[in-house]
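Descriptive analysis of the structure
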Amino acid sequence: MATILEAKEVYKYFGGIKAVDGFSMEVENKSITGLIGPNGAGKTTFFNVAAGIYQPDRGDIFFKGEQIGGLRPDQICQKGLTRTFQIARGLGEMTVWENVMLAPKAQTGESPFGAFIFKRVKKEEKENWEKAAALLQEMGLYEQRNEYAKNLSAGQRKMLEITRAIMTDPEILLLDEPTAGATVDETKKIMAEIERLRDEKGLTFLVVEHKMEVIMNICNPIYVMHNGQNLAVGDPKDIQGNKQVREVYLGG
Amino acid sequence: MEFALTIATIVAIYCILGLALNLQFGYTNLPNFGIAGFFAVGAYTSAILTVPHRFLEMEIFAGFPGGVPGRIEAPFIVGILAATALAGFIAFLIGVPVLRLREDYLAVASIGVAEAIHYIALNELWLTIGSAGIRLIPMPFANRILYFLLVLLVLAIVFYVINRLVRSPFGRIWRATREDETVTASLGKSVFRSRMWAWVIGCAFMGTAGSLWAHYAMAIQPGEFVPTTTFLVWIFVIVGGLRNNKGVLIGALLIIGLFEQGTRFLPAFGAPYVVPALRLIIIGVMLIIFIRFRPQGVIPERAMTIEKHIKTI
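Below you will find a few notes about this structure. Remember, it's a predicted structure, so these values are computed and weren't measured experimentally.

The next subject is the overall build of chain A. Looking only at helices and strands, one finds nine helices and ten strands in chain A. By the compact-globule yardstick of 18 Å for 252 residues, chain A fits well, its C-alpha radius of gyration being 19 Å. Its C-alpha atoms give chain A principal-axis dimensions of roughly 60 × 40 × 35 Å. A buried classification covers 54% of the 252 residues belonging to chain A. Of the contacts made within chain A by residues no fewer than 6 positions apart, 65% connect residues no fewer than 24 positions apart. Of the roughly 10,600 Å² that chain A leaves accessible, carbon and sulfur atoms contribute 47%.

With that settled, consider the packing of helix H2 (residues 35–50) of chain B against helix H11 (residues 227–240) of chain B. All names here are of chain B. Axis separation between H2 and H11 bottoms out at 7 Å; the angle between their running directions is 115 degrees. Classified by the angle their axes make, H2 and H11 are roughly perpendicular. Pair H2 / H11 crosses with right-handed handedness. Packed against H2, whose contacting residues are Ile35, Ala36 and Phe39, the element H11 presents Thr229, Thr230, Val233 and Trp234 at the interface. Class assignment for the residues of the contact of H2 with H11 results in five nonpolar, two polar and no charged.

Here H2(B) is 16 residues long and its end C-alpha atoms lie 23 Å apart, about the 22 Å a rise of 1.5 Å per residue gives. In terms of burial, H2(B) is a largely internal element, 16 of the 16 residues being buried.

Attention now moves to the interface of chain B and chain A. Each partner contributes to the interface: chain B provides 38 residues, whereas chain A provides 41 residues. In total, chain B and chain A occlude about 3,500 Å² of area from one another, counting both sides; carbon and sulfur atoms represent 63% of this. Of all residues in chain B, Arg172(B), Leu187(B) and Ile306(B) bury the most surface against chain A, accounting for 19% of the area lost on that side. Inspection of the chain B/chain A interface yields five salt bridges. Across the pair Glu98(A) and Arg175(B) runs a salt bridge whose closest N-O atoms are separated by 2.9 Å. Connecting chain B to chain A are 23 residue pairs in polar contact (both at pLDDT 80 or more). If you list the elements that add at least two residues to the side of chain B that touches chain A, you get helix H7 (144–167), helix H8 (169–179), helix H9 (181–186), helix H10 (191–217) and helix H14 (306–312) of chain B. If one sorts the elements of the side of chain B that touches chain A by residue count, H8(B) sits on top with eight residues. Looking at the side of chain B that touches chain A residue by residue, the classes come out as 17 nonpolar, eight polar and 13 charged.

To continue, consider the nonpolar core. Judged by nonpolar contacts, the single largest core of 86 residues is most densely connected at Ile134(B), Trp199(B), Leu212(B), Ile220(B), Phe236(B) and Ile255(B). Per-element tally for this core: the top contributor is helix H1 (residues 2–27) of chain B, with 14 residues. Residues in contact with Ile220(B), not counting those within four places in the same chain, are Ala43(B), Tyr44(B), Ala47(B), Ala132(B), Gly133(B), Ile134(B), Ile137(B), Trp213(B), Ala214(B) and Phe225(B). Listed in part, the 53 residues of the second largest apolar core include Leu102(A), Ile162(A), Ile239(A) and Val245(A).

All names here are of chain B. Looking at where Thr128 falls in the secondary structure, it is placed in helix H6 (residues 125–128). The exposure class of Thr128 is buried, given its relative accessible area of 3%. Reaching out from Thr128, the side chain makes a polar contact with the backbone oxygen of Ala121 at a distance of 2.6 Å. When near neighbours in sequence (up to four residues on either side) are disregarded, Thr128 contacts Tyr44, Ile120, Ala121, Gly133 and Ile134.

Bringing the sheet that holds strand S7 (residues 172–176) of chain A into the picture now. All names here are of chain A. Strands sit in the order S6-S7-S8-S3-S9-S10 across an open sheet of six strands; the sheet is mixed. Each edge of the open sheet is held by one strand with a lone partner, namely strand S6 (81–83) and strand S10 (229–234). The average angle at which neighbouring strand axes cross in this sheet is 20 degrees, direction not considered. Where S6 and S7 come together, three bridges link them in parallel fashion. If you follow Leu81 over to S7, its bridge partner there is Ile172.

All right, on to the pairing of strand S9 (residues 222–226) of chain A then. Each regular strand carries side chains that alternate between the two faces of the sheet. Residues and elements named next belong to chain A. Among the five residues in S9, four count as buried, and that is most of the element. Across three bridges, strand S3 (residues 32–36) lies against S9 in parallel orientation. Note that in S9 the partner of Ile36 across the bridge is Val224. Pairing of S9 with S10 involves five bridges; the strand directions are antiparallel. Bridge pairing in S10 places Val224 opposite Ala232. Hairpin remark: S9 followed by S10, antiparallel, with two residues in the connecting loop; positive phi at Asn227, about 50 degrees.

How each quantity is defined
- Residues numbered from 1 in each chain as written.
- Chains lettered and ligands numbered in written order.
- Predicted model: local features only at pLDDT ≥ 70, side-chain atom pairs only at ≥ 80, totals over all residues.
- Heavy atoms only, no water.
- Helix = DSSP H or I, 4+ residues; strand = E, 2+ residues; numbered from the N terminus.
- Rg over C-alpha atoms; globule rule 2.2 N^0.38 Å.
- Buried < 20%, exposed > 50% of the residue type's maximum accessible area, 1.4 Å probe, protein only.
- Contact = heavy atoms within 4.5 Å.
- Areas by Shrake-Rupley, 256 points an atom, 1.4 Å probe, with all protein chains shown as cover.
- Axes fitted to C-alpha atoms, helices over the stretch in contact; angles between N-to-C directions.
- Parallel < 35°, antiparallel > 145°, perpendicular 65-115°, else oblique.
- Left-handed = near helix turned anticlockwise from the far one by under 90°.
- Nonpolar A, V, L, I, M, F, W, Y, C, P; charged D, E, K, R; others polar.
- Expected span 1.5 Å × (residues − 1).
- Buried area = accessible area lost by both parts, 1.4 Å probe.
- Salt bridge = Lys/Arg side-chain N within 4 Å of Asp/Glu carboxyl O.
- Polar contact = N/O pair within 3.5 Å; in protein donor to acceptor, adjacent residues only side chain to side chain.
- Core = buried A, V, L, I, M, F, W, Y, C linked by side-chain atoms within 4.5 Å.
- Pairing = 2+ DSSP bridges.

Pasting the structure below:
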């Protein structure tokens with residue numbers, strides 16, 4: 001299998017805080033790769049660097065062999081890497097359908113002049129909505145399509161965020177705690193969706209998660225991060241059996 | 001009748017300013033406190049381009065060395081288009097450095113820009129004649145009723161264009177930018193580009209309004225383009241309903257029509273400055289009441305269902 005995302009010795013310091021301190025990883029195409037580590041290990045900062053929200057101080061990030069470190073978030077998304085956020089950042093004052101219809105790339109109506117090419121805009125809106133409606137149905141959000149995003153439950157907002165990210169038609173999705181705040185049922189559903197999207201659409205996932213049942217069930221391989229550095233990597237069994245990991249993370 | 005026509009024309013011109021501000025602040029969260037400046041750019045551009053040679057002769061007769069106004073004598077349509085374009089272009093130049101900053105910096109910068117424009121109008125005599133202002137600006141059709149209909153037509157066009165943009169996929173990016181820039185960027189949309197367009201389009205329409213004002217008043221002077229104009233627009237947009245274009249129209253009718261202009265009927269009492277001051281006080285109190293009890297304005301933002309959207313887009 002080919003590597004789709006590769007980080008090589010990435011550094012990101014904030015003053016004296018070494019948030020990411022020479023971290024490296026490789027994400028295989030069509031894998032669901034896990035990234036775990038105690039709070040403050042630098043997982044979210046690493047996501048932010050990979051998605052272009054922060055510039056790396058040093059180190060390379062390759063997406064499909066192309067250097068993306070230092071590009072803007074919108075440019076990185078256009079290339080096929082989309083991320084979600086730890087605290088679901090729904091666009092609250094917009095409806096669910098507006099949230100998901102925002103995401104598709106290269107819409108004709110996305111420029112002030114394109115907005116007046118009536119026929120094409122209408123046609124594209126219809127097509128995009130067909131796609132979005134199908135996804136929303138799978139995610140169980142279709143009934144809420146005309147609700148404001150701020151009125152959804154925490155778990156529903158997570159689902160909305162994933163749906164929206166998928167609407168950007170990415171090749172790899174970086175999910176920052178996709179089940180945080182979700183109920184047990186919602187968590188199961190989100191896990192099932194991630195696996196289904198990998199199997200059916202060939203998507204690749206990089207998942208930061210604290211819930212062990214999520215990580216151990218769907219992720220392989222798993223990277224463990226500690227103090228901004230690599231601590232371990234392996235399949236779920238290796239990680240559970242790894243003494244160092246248990247000390248810093250799994251609670252001895 | 002004459003008076004009602006005056007109010008209606010002024011309200012319609014203010015409506016354009018309000019719609020432009022709503023586009024910038026309501027939909028994209030760009031606080032523009034320099035409305036008066038872009039209004040002035042439009043008014044002066046149109047006036048300088050269209051004022052007849054007769055005005056220059058009068059000025060020279062009065063001892064003025066002469067300058068640009070009165071030498072071009074362009075038709076109204078050139079004036080209003082140039083006013084729109086120049087206001088937009090100046091907005092673009094300002095936007096390049098300023099739109100990358102946070103909103104609060106933009107608010108401060110826009111006040112500064114408006115003051116700079118005010119002082120240019122006051123001091124660059126060759127271009128603007130200075131404090132005496134420009135007179136004899138031609139009114140198209142030379143007929144108030146026909147001119148009012150023209151203003152209404154322009155207002156309808158502006159209303160349509162802004163509404164269409166807000167509803168389009170482009171407008172979704174504006175509103176997403178307003179909600180959360182980081183998320184918007186992470187979904188592959190250029191936040192800077194989206195804000196720049198909202199800024200330029202809004203300021204350009206403020207220039208359009210300025211042109212309409214100059215040809216209506218037929219005389220303009222720097223003293224008109226002061227922060228009070230800016231704040232009046234802010235007030236009626238907030239009262240009418242930020243993020244709702246129909247609300248903006250109602251706000252303009254209410255505040256500008258009833259209070260700013262309608263209270264000219266108030267019987268004069270006390271010292272000569274009491275009534276005009278009272279007018280501003282009434283508007284101020286109204287703003288406070290709205291912010292306290294109905295912050296969403298007369299008509300709040302309304303969500304559209306996807307079914308209706310697909311049918312009508």
